[in-house]
Each structure stands twice: as C-alpha cells, then as structure tokens.
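# Summary of the model geometry
Spelled out, the chains give:
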Amino acid sequence: MDAYKENSHDFSRSCGVSKFLQIRKCNLFRSRTNENWKSFGTVITSAYLRDGSTKYFDFAVIGSGVAGLRYALEVAKHGSVAIITKAEPHESNTNYAQGGVSAVLCPSDSVESHMQDTIVAGAYLCDEESVKVVCTEGPDRIRELIAMGASFDHGDDGNLHLAREGGHSHHRIVHAADMTGREIERALLEAVVNDPNISVFKHHFAIDLLTSQDGSDTVCHGIDALNTETQEVVRFISKVTLLASGGAGHIYPSTTNPLVATGDGMAMAHRAQAVISNMEFVQFHPTALADEGLPIKPKKTRENSFLITEAVRGDGGILYNLSMERFMPLYDGRAELAPRDVVARSIDDQLKKRNEKYVLLDISHKPREKILSHFPNIANECLQHGLDITQQPIPVVPAAHYMCGGVRAGLQGETNVHGLYVAGEVACTGLHGANRLASNSLLEALVFARRAVQPSINYMKSSSLDLSASSLWTRPLVPKSLGSDVMHKILRITKEVRKELQSIMWKYVGIVRSTSRLQEAEQKIGKLEAKWETYLFEHGWQQTMVALEACEMRNLFCCAKLVVSSALARNESRGLHYMTDFPHLEESKRLPTVIFPSSHTTGTWSSRQLHQQPIVKSMV
C-alpha cells in the first residue's frame, strides 16, 4: 500500500471531479443500459424482493447519520431507498456532535471570512473550491433543517443564537444547547420514518461493496450486509450507492466516537478500488472527559469518551494544569481559542512534561444560569460523578475524534468508482485540509449529501438492474460450521488483538509522531495482523466467512494501515500531523496524500474483498 502526493496544479476540476480521480476516464455518468440488464421502473416495490436474502433498490445508503439521512430524503422523491445502518438508526457520530453547525448567518460575518478561517485551520491544505462551495451553500442547508423541524437556540432578540468556537473569527455556530447533533438527527429521522419510499434496515453491518470491472473502470452495484440479529447475509442490489458510514475513531483506545465507528466505509471503499486521501490527518479532540479525574469514577469503562464540546472554550473556558497554572498562552497567542490541533498538542506536551494524566478546563467563573443553559448535558453528566461544573473545573484529556481524510470525493460527492458516492466523515472532500475547523463537519455532511443528489438521480435513471445480478458474486458465509467453542476462541482472540492494535496506534501514531516510530508501528501492525489471520484460518475460518467482530477487526487493520502509510508519506509537520524529525511546515509539500487502488491478488484478508470480483465487459 503506497501513498503518493500529487501536484497541486492537478487538482483543477473537470467534469465535476478532481483530475486525480480521473484515473482513466472522466465520463462518470454515461448510460449503462444493456439488453441483458432488465430495466425497472423508477420505484422498485416489494414485489421485487424475491426472498429475504436479496433486495433490490434504486438507492442504497450506508449509514444513518446526517449525511445519509439528508441524502435519502431527497433521492426518495425519485426512487426506492434502502438505509442500511449498523446499529439503531440514531447511533451515529451525528448524535454525539455537541457543539453545532457553522454557517454565515450574521450580517457582520461573510462567506470570505468563513473560508479564510477554514483554510487557516486546515494549514492551507484545503481544496479552495470545496471550501467555497461549503461556506456558500451552508446557510441554505441550515434553513432547510429549520424548515424540516430542527429546533435551534435563539437569543433574547429572537434571532438564532450564534456561538463562537476555536479558529472562528466570528460568532457563527448554530446550536441546540450542547446536543446539536441529537436535535438534527431527531428531525431527519422523523422525516425518514414518514417517507414511504425509504426502508430502514437497522442492525445490518455492511460487509463489502459489490463491484465489477468494466475494462479499466470499477462499477458498484450495491452491498452485502450481515443482519446481526438474525445472523443472515442480505444482498442489496442497487443502481446507486451512497457511502455515509462515518469515521474510524476506534483504531485508537480512547475516542469520542460511538462503537460503530470502526472505519468500515473507508476499508470497504479501499478494497473496492476507490481512491483514498489524507488519512494521516486524525483529529484528536483536545477535551474529552477524563474519568480518572472525577470525584466519583464510572462503574465501568466507557465504550467511548464523553466529549466536552469546543463551545466551553468558546464561551470563556480556561485550561489549567493540575497546579492551576494557565498554559495555553505559552503555546499560542489565541490561547484557548486556538485550533484543535494546537490545543491538543499543547495539552499533550503538558501531560508529558509534568507526568500527569489530565488537565483542567474551568468555566466556573461564568454565571451559573448561563453555564447550565448552554451546557446542560455536560453539567448533568459531570454531576452524576460528583462534579459541579458551575463550581469546579472539568478534568479533560485529548481523544481521537474525527478523520479529516477518507474516500476521495469530487464536488458532487462522486468517487472514481462508478455508481458510488460518498458524504460525511467517510469522505475526503478537501474541505478540512490538514485539520478540521470546529463545527464544519455537520455542515460538510449536509452540503455534500445535497450536492450528490442530482448526479445520483441522473446515474440512477441511466442505469438498469438485473434480477439475476445477485448470482454474480460469491455469497459470504456465517461461520456456523465452526461450532460455538471455536467461535468463542476466535472472538476472544479478536478482542485482544483489537486492544493491541489500538495500543500500537496510540503509542506510535498519536498526536506527536516520528518516522522511526511510524515505521515501528507499520511493522508491529503487520505482524499482529498476520498472527491474527493465521489464527483464524488455522481454526477453520474461510475467506468468505463473516462475523461482526472479525469484519470490524479487518476494517480496523485496513484503516490503521492507511493512516500509517499516509503518515509515512508526509515528511513535514502540517495541521494534525506533527513529526518530531520534520517539525516545520514545508511549502513544497502542500499537497494532498493519495493512496491509489491496489491489486486484488495481493495483500491480507483486510485488503481483499470477500467475493471474487466479476469482470463483466458487457455492463456498459
């Protein structure tokens, strides 16, 4: 797996897609009609769901966060939609997003200012066209949410209350107290449930994309998924697939992400020959709740870290070390309002120098009523553990939070794989560059989900489905034949391996990196993966077998390797990627990192699709 940098002059747009996505051809939306592929009407009814194991839809959406739901609601006006989601529909990174959505909604603010803040925070690695699109179209996307019933906080003047967060030069954060993502998710899910053209398949774990080779082109035809409640494999054949599966926070031991964020979409797309970009830029949120600093410790280890929103610092919160010494002004003139990468590195430096486990974030100097009205969720969580944030500082520590890289997307969410679109955290649109500006993530998801709609509809109308298409790919197998004892051993080993991989990533590929430590990580990950796979296959595991824990593990391995490979390719310090042996920013290296498709015939289980990819020359 080799990472490459492309010349920045090659990033001009053509046919709505970055040139480096045009690996061989530009025409993404040509007609795919063929007499062997029978065309359906626009809406595929349940009459075509011939059995429980294969389902046919116009659109398949993988993920139920803001990107997937917003897209589904629009394309459902033109065809049938399947939303395939790993757990309950609300269990997504969107639901855990506290701070808000950034958008220019104040007369004193400007699109140009929002663009400049985004580019500065992104260490000048942002795609300027993407930044312009998101900052320009963002306000309309917010208004659409409000029209759909999302309720945001208003000030005494009756206008939207706009907060300010680190890296922003203006107050432009639309929020619903400290539970903004939850409110957006609620409004969107309510609309989805009431849409007769949308079917939601919860507890369906996406295994692999179904692809074929048409000459030099890769074409996506849907997805295989494991129903984790019935342990049955369900095949979704679709004309268009949107990947909106979120991030990969669980490659690290401490993350703000929910358990579902195991990099499934990025790994699936990589196996399906999609271009991957900027994976070295992993954002560590500087302020996750440090449980060991709470007066009353949680009774069990959290599955994901509790986030203390950026808005606490935006509202005047001050960071102290355990000696109650304020330290941020020593690192950056913007102090607590510096971008996240700066704050996270500063905290990391304090912890290492002082050999301490956490720092303190204090908002108690603000009026009690203001604290409780702005941060009710945080106040309640801390109070349950004996800490009153209106009187005491909050113990905080950095945790893995957001992937700025992912599946490379053009301005309409298109990828180099025909019929596959991406939106949300799984996508690398170029907006974030080397570091995400606070509260730009929900905005990006809304904008690109909406921009992917029309090209998806065009592609759907020019495509056709075949009722016999399901037989083109080998069916994944649920490993019932191995027996419960063997499966118990495999699951136990997999759990241990998962913790070991997370430990390697935190120790060697964390907030501060070096070439030697990244190389050591690469070797350790390779040996660990080989050891795990050997154990599986020696115990009767087969290439096409699937189980939730094993498939998550292969995706975590895949994403970890993508991060390390990308990090080794960037010999400079930029944004979230800080190298002790290359501590300075190099203008000549202001280029995205790109990982091109790899060979199907080589590599580990994590880098190969489970099925044999059919070569169907007549699909065009």
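The protein is annotated in an unreviewed UniProt entry as L-aspartate oxidase from Gossypium hirsutum. The protein has a UniProt comment under Catalytic activity (unreviewed entry) that states "L-aspartate + O2 = iminosuccinate + H2O2". Quoted verbatim from the Function (unreviewed entry) heading of the UniProt record, the comment on the protein is "Catalyzes the oxidation of L-aspartate to iminoaspartate."

Regarding its fold elements, the protein presents 16 helices and 21 strands. In the protein, buried positions account for 63% of the 620 residues. In the protein, 77% of the contacts between residues at least 6 apart in sequence involve partners at least 24 apart.

It is worth spelling out the packing of helix α15 (residues 515-538) against helix α16 (residues 548-569) at this point. Where α15 meets α16, the closest approach of the two axes is 10 Å, and the angle between their N-to-C directions is 155 degrees. By the angle between their directions, the pair α15 and α16 is classed as roughly antiparallel. Relative to α16, the crossing made by α15 is left-handed. In this structure, α15 uses Thr515, Leu518, Gln519, Ala521, Glu522, Ile525, Leu528, Glu529 and Trp532 to contact α16, whose residues at the interface are Ala550, Met553, Arg554, Phe557, Ala560, Lys561, Val564, Ala567 and Leu568. Per-class residue counts for the contact of α15 with α16 are 12 nonpolar, two polar and four charged.

Overall, antiparallel pairing links the four strands, which are arranged β14-β17-β16-β15 in an open sheet. At either end of the open sheet lies a strand with only one pairing partner, and these are β14 (282-289) and β15 (318-320). Within this sheet the neighbouring strands show an average axis-to-axis angle of 45 degrees, counted without direction. Relative to strand β17 (residues 394-403), strand β16 (residues 359-362) runs antiparallel, the two being bridged by three bridges. Bridging from a neighbouring strand, leucine 360 pairs with proline 395 of β17. Together, β14, β15, β16 and β17 form the strand contacts of helix α9 (residues 340-354), whose direction differs from that of β14 by roughly 60 degrees.

Looking now at a positive patch on the surface. On the surface, Lys507, Arg517, Lys524 and Lys527 cluster together to form a positively charged patch. Of the residues forming the positive patch, the biggest block, three residues, is contributed by α15. Along the chain, lysine 524 turns up in helix α15. Residue class for lysine 524 comes out partly exposed when judged on its relative accessible area of 32%.

To continue, consider the pattern of salt bridges. Evaluation of the coordinates by the stated rule reveals 39 salt bridges. The partner of glutamate 137 in a salt bridge is arginine 141, and the shortest N-O contact between them spans 3.9 Å. With glutamate 137 and arginine 141 both in helix α4 (residues 128-147), this residue pair falls four residues apart, about one helical turn.

Moving on: the side chain of arginine 172. With respect to the helices, strands and loops of the structure, arginine 172 is situated in the loop between β7 (162-163) and β8 (173-174). Classification of arginine 172 as buried rests on a relative accessible area of 0%. Residues within four places of arginine 172 in sequence aside, it is in contact with Val101, Ser102, Ala103, Val104, Asp109, Ser110, Ser113, His114, Asp117, Leu162 and Ala163.

One open sheet accounts for three strands, arranged β6-β8-β7; its pairing is antiparallel. Of all the strands in the sheet, the pair left with one neighbour each is β6 (101-102) and β7. Across two bridges, the pairing between β6 and β8 is antiparallel. Along β8, the bridge assignment pairs valine 101 with valine 174.

Now for the pairing of β17. Most of β17 is tucked away: 10 of the 10 residues are buried. For β14 and β17, the ladder comprises six bridges, and the chain directions are antiparallel. Across the sheet, the residue bridging to glutamine 283 is tyrosine 402, located in β17.

Structurally, methionine 324 can be placed in the loop between β15 and α8 (328-331). For the pair methionine 324 and valine 359, spaced 35 residues apart in the sequence, the C-alpha separation amounts to 9.0 Å.

For the rest of this paragraph, the subject is the packing of aromatic side chains. Applying the stated criterion across every chain yields a total of 11 aromatic pairs. Arranged with centres 6.0 Å apart and planes meeting at 45 degrees, the rings of tryptophan 532 and tryptophan 605 form a pair that is tilted. Here the residue tryptophan 532 occupies a position in helix α15, and tryptophan 605 occupies one in the segment after β21 (593-595), the gap between them amounting to 73 residues. Residue tryptophan 532 shares its accessibility class with tryptophan 605, and that shared class is buried. Between tryptophan 541 and tryptophan 605 the ring centres are 6.0 Å apart and the planes differ by 85 degrees, which places this aromatic pair in the edge-to-face class. Residue tryptophan 541 is found in the loop between α15 and α16, and its partner tryptophan 605 is found in the segment after β21; the two are separated by 64 residues along the sequence. By relative accessible area, tryptophan 541 is classed as buried at 3%. By relative accessible area, tryptophan 605 is classed as buried at 0%. Put simply, the rings of Trp532, Phe537, Trp541, Phe557 and Trp605 touch in pairs and so form one group of aromatic residues. Residue placement shows arginine 436 over the ring face of tyrosine 402; its charged tip is 4.3 Å from the ring centre. Over the aromatic face of tryptophan 605 sits the side chain of arginine 554, whose NZ or CZ is 4.6 Å from the ring centroid.

Rules used in this analysis
- Residues numbered from 1 in each chain as written.
- Predicted model: local features only at pLDDT ≥ 70, side-chain atom pairs only at ≥ 80, totals over all residues.
- Heavy atoms only, no water.
- UniProt positions renumbered as here; feature names shortened; annotations may be inferred.
- Helix = DSSP H or I, 4+ residues; strand = E, 2+ residues; numbered from the N terminus.
- Buried < 20%, exposed > 50% of the residue type's maximum accessible area, 1.4 Å probe, protein only.
- Contact = heavy atoms within 4.5 Å.
- Axes fitted to C-alpha atoms, helices over the stretch in contact; angles between N-to-C directions.
- Parallel < 35°, antiparallel > 145°, perpendicular 65-115°, else oblique.
- Left-handed = near helix turned anticlockwise from the far one by under 90°.
- Nonpolar A, V, L, I, M, F, W, Y, C, P; charged D, E, K, R; others polar.
- Pairing = 2+ DSSP bridges.
- Patch = residues over 30% accessible without salt bridge, like charges linked within 9 Å, V, L, I, M, F, W, Y side chains within 5 Å.
- Areas by Shrake-Rupley, 256 points an atom, 1.4 Å probe, with all protein chains shown as cover.
- Salt bridge = Lys/Arg side-chain N within 4 Å of Asp/Glu carboxyl O.
- Lys, Arg positive; Asp, Glu negative; His and termini not counted.
- Charge placed at Lys NZ, Arg CZ, Asp CG, Glu CD.
- Phe/Tyr/Trp six-rings, centres within 6.5 Å; stacked < 30°, edge-to-face > 60°.
- Lys NZ or Arg CZ within 6 Å of the ring centre and 35° of its normal.

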